[in-house]
Amino acid sequence: MRSNWAANYTYTAANLCTPKSVEELQEIVAGSTKIKALGKRHSFNDIADTEGNQVSLEHLSRVLELGGNTVTVEGGATYGHLCAFLAGEHRALHNLASLPHVSVAGACATATHGSGVRNGNLATAVRAIEWVKADGNLISMKVGDPEFEGAVVSLGALGVVTKLTLSVSPEFQIWQRVYDRLPIHELTANLDEILGCAYSVSLFTDWRTDWLNQVWIKDTSRDKASPRFFGAVAAPIHRHPIGDLSPENCTPQMNEPGLWHDRLPHFKQSHTPSSSEELQSEYLLPREHALEAILAIDSIREQIAPHLQISEIRTVAADDLWMSPCYQQDCVAIHFTWKKDWPSVRALLPVLESHLAQFRAKPHWGKLFHESQSRLYPRLADFKGLAKRCDPVGKFMNSYLRRSVFPARL
């Protein structure tokens, strides 16, 4: 039986196919009644499941080409593999997720993100995309094509991605430092300045106290690393986001310089997680409502804290991708790493979502949620039309898409 990374979901697909060429993949797709791409199994829900065949592109994971401002990879490539290649070429991506082990195609398809008020999600780096449609034929789109913005965050509804071209820049360094115990009253008085103080900022809290546990600051220039930051105190040693865990697997802090790929993720590429005793949820909402949303969550801290390992607050810049939660709006992302107790978390999610509903919060497509709020996506009808043209027989349709993406009224 195959399960996801966290082992909280067991796939029901009968077969796992591992093609060694794009041509073999095309034959598999054309010959399947139902099929879904599996990716690296980092989603916490059934987005990659199917009643038919799952397909893994583990043998199609090469970096294909590096141009002046772009790099092209196969559909099975991970960010860790891509980063290693780019490091050798002195190139960089604009941002990375907390873990470098996720696949490029899967992360882009679900609008996975890093942090930074001026940094779009990982999918905003895509400049061209190629995939296998339901009939087995290849289709490609590039920036400027009429439906390109609908194809990038695809949620697996359009086909199996075989190739992605991403924008790259010259390599850059990041200095990372951590501060402990940011008082809530300082956060409420200075939220915009705190979130926008560096290239990438993450706030960690367990919602148990009147302060936030940690502030992780990742910046492109070195400063004097002040011993205090809005009342928070510089951490005297390296930290793990969960305070009582060893920081051994975390990227270096203490204002030590490092290349972008060694600092933007929270965890090292050399630390390869095989399973995890956790569940995850995340909600993205307009940044203008960030403070109100934080206070709304804080008002139910007694319900949240017993089931939580840690929560992270980040920012994501607006984009034009149809199914991105940040479509045409700057967002704050509030992430929850839960204890692995699904009955308790499942009962809590409707309560949490009811407190965030007034802020038009949308859940991360690849994590656990009660309601997807797909009605909040202005281009949903257009996306459904694109999916229908790529997959007129519903070969890539599954329970997740029927339940969470395409409401019956469309």
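Here, every reference points to the structure presented above.
Residues numbered from 1 in each chain as written. Predicted model: local features only at pLDDT ≥ 70, side-chain atom pairs only at ≥ 80, totals over all residues. Heavy atoms only, no water.

S.K.: Just to check I follow, could you spell out the state of the cysteines for this structure?
M.R.: Enumeration over the complete set of coordinates arrives at 0 disulfides. Cys 331 supplies the cysteine sulfur nearest to Cys 326, a cysteine that is in no disulfide, at a spacing of 3.6 Å. The class of Cys 326 is buried, set by a relative accessible area of 1%. Since its relative accessible area comes to 0%, Cys 331 is described here as buried. (Disulfide = S-S within 2.5 Å. Buried < 20%, exposed > 50% of the residue type's maximum accessible area, 1.4 Å probe, protein only.)

S.K.: I'm lost on the sheet that holds strand 1 (residues 15-17) in this one. Help?
M.R.: Through backbone hydrogen bonds, the strands of a sheet pair up, either in parallel or in antiparallel fashion. Read across the sheet, 3 strands follow the order 1-3-2 without closing on themselves; strand pairing throughout is parallel. Only two strands of the sheet have a single neighbouring strand rather than two, namely strand 1 and strand 2 (35-37). Taken over all neighbouring pairs, the strand axes of this sheet differ in orientation by 25 degrees on average, direction set aside. (Pairing = 2+ DSSP bridges. Helix = DSSP H or I, 4+ residues; strand = E, 2+ residues; numbered from the N terminus. Axes fitted to C-alpha atoms, helices over the stretch in contact; angles between N-to-C directions.)

S.K.: Honestly, the pattern of salt bridges in this entry has me stumped. Any pointers?
M.R.: Proximity of charged atoms lets side chains of opposite charge pair with each other. Per the stated rule, a full pass over the model turns up 14 salt bridges. A salt bridge links Arg 403 to Asp 46; the shortest N-O distance between them is 2.7 Å. One end of the pair, Arg 403, is in helix 10 (residues 399-405); the other, Asp 46, is in the loop between strand 2 and strand 3 (53-55), with 357 residues separating them in the sequence. The buried category is assigned to Asp 46, whose relative accessible area is 11%. Within the structure, one salt-bridge network assembled from shared partners comprises Asp 210, Asp 298 and Arg 301. (Salt bridge = Lys/Arg side-chain N within 4 Å of Asp/Glu carboxyl O.)

S.K.: Would you mind going over the environment of Met 141 with me for this structure?
M.R.: Mapped onto the elements of the fold, Met 141 is located in strand 8 (residues 138-142). For the pair Met 141 and Ala 151, spaced 10 residues apart in the sequence, the C-alpha separation amounts to 7.8 Å. In this view, Met 141 contacts Ala 128, Ile 129, Trp 131, Glu 147, Phe 148, Ala 151 and Leu 386; residues no more than four positions away in its chain are not counted. (Contact = heavy atoms within 4.5 Å.)

S.K.: Explain the environment of Thr 110 here, please?
M.R.: Along the chain, Thr 110 falls in the loop between helix 3 (104-109) and strand 7 (126-132). Taking the C-alpha atoms as reference points, Thr 110 and Arg 181, separated by 71 residues in sequence, lie 32 Å from one another. Excluding anything up to four places from it in sequence, Thr 110 contacts Ile 47, Val 153, Leu 155, His 364 and Trp 365. From its side chain, Thr 110 meets the backbone oxygen of Gly 106 in a polar contact 2.9 Å long. (Polar contact = N/O pair within 3.5 Å; in protein donor to acceptor, adjacent residues only side chain to side chain.)

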